[in-house]
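Notes for the structure review
These are the residues of each chain, in order.
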Amino acid sequence: IPGWVPEMGIVGAVLATAIDTFVQVAVLLILFLSKENKEHYQTHDYRIYPKLFFKTLKVGTPPALFTMCELLGWALFYYMMVLISPVHILVASVCQSILILFLFFGWGMEKGTIAITGNFIGSGNIERVPSILRSAFTLSMGYLIITFLFLVLIPDPLINWFFNNPHALENGLDFTNITLSLDEIKSLIRTGLIFVCFYIFFEN
């Protein structure tokens, strides 16, 4: 924003992410320690209850380890792309950015599935759990059609967003040893997005 916020490139992206995280923590902490929650749920009681604490760890540790391994996998993947060439890291970055844009559906479905399944199990209606799987699969098939449309049939509008500012692109990557044209790079991204489309389906 001219006169207010200067262009900061990757440093700006890191700062924005850090500030966003602190704001989320602050808002959640304020709500957690609100007067109503203190009165109804005793959120001001900071004691650790060992039995409950380890029971929580038993439930939370597997998904936490999964998330850690997944992030480690992405970090190693990007490191390998950097070692190969600037084109590889560029194509991977564009595909990854578009992937993240389309992952919100699966995340929402996951949270909804967990909540509804938990309610069924808690109320003793375990026989209704398979219906959730069928519904989730139907929703995933519908979302596959949407992602196929945007990532396979007409991906260019999304791809072109990343090439609107060639100057910024040149500052971020060393193109001196690149023999591919911009059209060839975009063609590689289109191929990558086909795999992204089916990755999203199986991820969901």
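Note that this is a predicted model, so its numbers are computed, not measured.

This part is about the packing of aromatic side chains. Under the definition given, this model contains nine aromatic pairs. Both rings, one in Phe 53 and one in Phe 54, keep their centres 5.5 Å apart while their planes meet at 75°; by these two values the pair is edge-to-face. On the basis of relative accessibility, which here comes to 39%, the residue Phe 53 falls in the partly exposed class. Ring plane angle 80° and centroid distance 6.5 Å describe the contact between Trp 74 and Tyr 199, whose orientation is recorded as edge-to-face. Taken together, the residues span a long stretch of sequence, with Trp 74 in helix α3 (residues 50–84) and Tyr 199 in helix α9 (residues 182–203) at a distance of 125 residues. A relative accessible area of 32% means that Tyr 199 is categorised as partly exposed. Members of the aromatic cluster, connected to one another through ring pairs, are Trp 74, Phe 77, Tyr 78 and Tyr 199.

This brings us to α9. The first and last C-alpha atoms of α9 sit 30 Å apart over 22 residues, in line with the 32 Å expected at 1.5 Å per residue. By the burial criterion, the buried members of α9 are Ile 185, Lys 186, Ile 189, Gly 192, Leu 193, Val 196, Cys 197, Ile 200 and Phe 201. The inward-facing, buried residues of α9 contact α4 (86–102), α6 (129–153) and α7 (156–161).

Looking now at a nonpolar patch on the surface. Nonpolar side chains collect at one region of the surface, where Met 8, Ile 10, Val 11, Val 14, Leu 15, Ile 19, Val 23, Val 27, Leu 28 and Leu 31 lie side by side and expose about 940 Å² of accessible area between them. Within the fold, Val 14 resides in helix α1 (residues 9–32).

The next subject is the nonpolar core. Membership of the largest hydrophobic core comes to 22 residues, with the highest contact counts inside it found for Leu 151, Ile 189, Leu 193 and Ile 200. Elements that contribute at least two residues to this core include exactly α4, α6, α7 and α9. Ranked by residue count, the leading element in this core is α4, at eight residues. Apart from the residues lying within four places of it in its own chain, the contact partners of Leu 151 are Ile 98, Phe 102, Leu 158, Leu 193, Val 196, Cys 197 and Ile 200.

Glancing now at unusual backbone geometry. Notably, Gln 42 is not glycine yet its phi reads approximately 50°, a positive angle. Here Gln 42 is to be found in the loop between α2 (35–41) and α3.

Turning our attention to α3. Compared with an ideal rise of 1.5 Å per residue, which puts 35 residues at 51 Å, α3 spans 49 Å between its outermost C-alpha atoms and is within 8% of the ideal. In α3, a bend of some 40° at Gly 60 exceeds every other bend along the element, and Pro 62, a proline, comes one to four places later.

On to the pattern of salt bridges. For the coordinates displayed, the defined rule picks out two salt bridges. The closest approach of N and O atoms between Asp 45 and Arg 47, which form a salt bridge, is 3.1 Å. Asp 45 sits in the partly exposed class, given a relative accessible area of 31%. As a salt-bridge pair, Arg 190 and Asp 156 come within 2.8 Å of each other at their nearest N and O atoms. Of this pair, Arg 190 sits in helix α9 while Asp 156 is found in helix α7, placing the two residues 34 residues apart along the sequence. Among the residues examined, Arg 190 registers a relative accessible area of 31% and is labelled partly exposed.

Packing of α3 against α4 brings their axes to within 7 Å, and their N-to-C directions diverge by 150°. Regarding the angle of α3 to α4, the classification is roughly antiparallel. Taken together, the residues of α4 that come into contact with α3 (itself represented by Trp 74, Phe 77, Tyr 78, Met 81, Val 82 and Ile 84) are His 88, Ile 89, Ala 92, Ser 93, Gln 96 and Leu 99. Split by residue class, the contact of α3 with α4 holds nine nonpolar, three polar and no charged.

Okay, the packing of α4 against α9 next. Two elements in contact, α4 and α9, have axes whose closest approach is 9 Å; the angle formed by their N-to-C orientations is 40°. By the angle class used here, α4 and α9 are oblique. As α4 runs across α9, the sense of the crossing is right-handed. Of the residues in α9, those touching α4 at Val 87, Leu 90, Val 91, Val 94, Cys 95, Ile 98, Leu 99 and Phe 102 are Ile 185, Leu 188, Ile 189, Gly 192, Leu 193, Val 196, Tyr 199 and Ile 200. Within the contact of α4 with α9, the residues separate by chemical class into 15 nonpolar, one polar and no charged.

Parameters and conventions
Residues numbered from 1 in each chain as written. Predicted model: local features only at pLDDT ≥ 70, side-chain atom pairs only at ≥ 80, totals over all residues. Heavy atoms only, no water. Phe/Tyr/Trp six-rings, centres within 6.5 Å; stacked < 30°, edge-to-face > 60°. Buried < 20%, exposed > 50% of the residue type's maximum accessible area, 1.4 Å probe, protein only. Helix = DSSP H or I, 4+ residues; strand = E, 2+ residues; numbered from the N terminus. Expected span 1.5 Å × (residues − 1). Contact = heavy atoms within 4.5 Å. Patch = residues over 30% accessible without salt bridge, like charges linked within 9 Å, V, L, I, M, F, W, Y side chains within 5 Å. Areas by Shrake-Rupley, 256 points an atom, 1.4 Å probe, with all protein chains shown as cover. Salt bridge = Lys/Arg side-chain N within 4 Å of Asp/Glu carboxyl O. Core = buried A, V, L, I, M, F, W, Y, C linked by side-chain atoms within 4.5 Å. Bend = angle between axes of the 7 residues up to and from the residue. Axes fitted to C-alpha atoms, helices over the stretch in contact; angles between N-to-C directions. Parallel < 35°, antiparallel > 145°, perpendicular 65-115°, else oblique. Nonpolar A, V, L, I, M, F, W, Y, C, P; charged D, E, K, R; others polar. Left-handed = near helix turned anticlockwise from the far one by under 90°.

Spatial relationships are all this shows, so hold off on functional conclusions.
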